[in-house]
Amino acid sequence: MQPSADSLQIGNYIGALMQWRNLQDAYDAFFSVVDLHALTQPNDPAELREKTRRTAAQYIAAGIEPSRSTLYVQSHVRAHAELAWVLSTITGFGEAGRMTQFKDKSQRYGADNTNVGLFTYPVLMAADILLYQADIVPVGDDQKQHVELTRDLAERFNARYGTAFTVPTPVIQKETARIYDLQNPTAKMSKSAESDAGVLWLLDDPAKSAKKIMRAVTDSDGSVRFDRENKPGVSNLLVIYAALTGTQIPAIEDEYAGRGYGDFKKGLAEVVVEEFGPVRQRALDLLADPAELDRVLAANAARADEVADRTLADVYDKIGL
Ligand code: ADP
Ligand code: NA
């Protein structure tokens, strides 16, 4: 994830961190805070450094264990920028231009605010993946095209210079893991949303999150029922409830049958407070000792470096550097 805000939002938690922490047993997992990618947006230097630290603390607080997984900051491992350069030389201009995320963002920002880094963003992401010989990449649907590009680049390099890369497979998380904005339940909840009235922040005071839930947009139908099309607000709240409690949606519908939205929202607010109270406290504890957090991140970066350098040395050898 990019360190693009002081706090993560619960969509990041449900859609990414909860899935990632479950992968830690079965896989030798690498997780990073992608501060180089964050440079594609304007940043205040001191704030960027602080957001990077805060994002890492929230990964750990959410259950990514730096003793079981490798959790590091992208810029601490030099090989990312180096491999990205090599990969950019085998990426077609048209091929990169077809990435829908680039097209969306460059349209939104306008030509004057679109930098070349935004254009080569997916190439750096390919380097992030290929350096570690990743077998699988857990991503949301919106990142599938970037992983396809990564596969194409790996296959192209391997065919041209000899096999240096594992060709990764994207593991796409289910649609049900997608969380929407509480005030605008057809738009994805995002840490870069224009208004934060519908965003639940991981580091917010739980009482504040409870209030936002009580004010969430619903509908006039009055029944707690999953219907994405006609009841996007209530459906979104049901998905959050189900994800955090591990309950199936029909069971929640049954529990709240014949009761109003007020009851349901109160129930959800309790679930959210119970889940995020401790996560928030762990993150604040970690942030209270930045030297120790930096030490953990440095040790993990050293571990990542070892793997990444091996891949980069092989690549340099194969292309004649
Ligand atoms: P944001 O929009 O909050 O800046 P990113 O685009 O940086 O989020 O995504 C970081 C990770 O969180 C990705 O794995 C993405 O799939 C996941 N994610 C982000 N928003 C949501 C959401 N609303 N619902 C589910 N997963 C999400
Ligand atoms: Na973002």
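What counts, and where the lines are drawn
Residues numbered from 1 in each chain as written. Chains lettered and ligands numbered in written order. Predicted model: local features only at pLDDT ≥ 70, side-chain atom pairs only at ≥ 80, totals over all residues. Heavy atoms only, no water. Near = heavy atom within 4 Å. Polar contact = N/O pair within 3.5 Å; in protein donor to acceptor, adjacent residues only side chain to side chain. Areas by Shrake-Rupley, 256 points an atom, 1.4 Å probe, with all protein chains shown as cover. Nonpolar A, V, L, I, M, F, W, Y, C, P; charged D, E, K, R; others polar. 1 Å grid on protein atoms, 1.4 Å probe; cavity = no way out; pocket = protein on both sides within 12 Å on 5 of 7 lines; lining within 4 Å. Points joined across faces, edges and corners; volume = space filled by probe spheres on them. Helix = DSSP H or I, 4+ residues; strand = E, 2+ residues; numbered from the N terminus. UniProt positions renumbered as here; feature names shortened; annotations may be inferred. Contact = heavy atoms within 4.5 Å. Buried < 20%, exposed > 50% of the residue type's maximum accessible area, 1.4 Å probe, protein only. Arc of directions from axis to C-beta.

Trainee: Give a description of the site of ligand 1 that names residues and reports values.
Mentor: Near ligand 1, the surroundings consist of 15 residues, among which Gln-9, Ile-179, Lys-188, Ser-190 and Lys-191 are the closest. With respect to ligand 1, the side chain of Gln-9 contributes an N or O atom lying 2.8 Å from an oxygen atom. Look at ligand 1: alone it shows 530 Å² of surface, and the protein chains cover 85% of it. Looking at the shell around ligand 1, its residues break down into five nonpolar, seven polar and three charged.

Trainee: Lay out empty space enclosed by the protein with the relevant residues and their values.
Mentor: Tallied over the entire structure, the rule returns two cavities of 30 Å³ or more. For the largest cavity, the calculated volume is near 40 Å³. Listed by contribution, the elements that provide at least two residues to the lining of the largest cavity are helix 9 (206-214) and helix 12 (261-287). Counted by class, the lining of the largest cavity contains six nonpolar, one polar and one charged residues. Taken as a whole, the second largest cavity spans an internal volume of roughly 40 Å³. What lines the second largest cavity is Gln-101, Phe-102, Lys-105, Leu-118, Tyr-121, Pro-122 and His-146. For the lining of the second largest cavity, the residue count by class is four nonpolar, two polar and one charged.

Trainee: I'd love a proper account of the UniProt feature "binding site: L-tryptophan" (unreviewed entry) in the chain, names of residues and values included.
Mentor: In the numbering used here, UniProt assigns the "binding site: L-tryptophan" (unreviewed entry) feature to Asp-128. With respect to the secondary-structure elements, Asp-128 resides in helix 7 (residues 116-130). Discounting residues that sit within four places of it in the chain, Asp-128 has contacts with Val-34, His-37, Gln-74 and His-80. A polar side-chain atom of Asp-128 sits 2.9 Å from a polar atom in the side chain of Gln-74.

Trainee: Any details on helix 9? Residues and values, ideally.
Mentor: Burial in helix 9 covers these residues: Pro-206, Ser-209, Ala-210, Lys-212 and Ile-213. Down the axis of helix 9, the buried side of the element spans an arc of 160°, and every buried residue falls inside it. With a side-chain oxygen lying 3.0 Å from the backbone nitrogen of Ala-207, the N-terminal cap of helix 9 falls on Asp-205.

Trainee: Before we move on, can you summarise the environment of Ile-319 with the specific residues and values?
Mentor: With respect to the helices and strands, Ile-319 occurs in helix 13 (residues 290-319). Along the primary structure Ile-319 and Phe-157 are separated by 162 residues, whereas in three dimensions their C-alpha atoms are 9.5 Å apart. In this structure, Ile-319 is in contact with Val-86, Phe-157 and Tyr-161, ignoring residues within four places of it in sequence.

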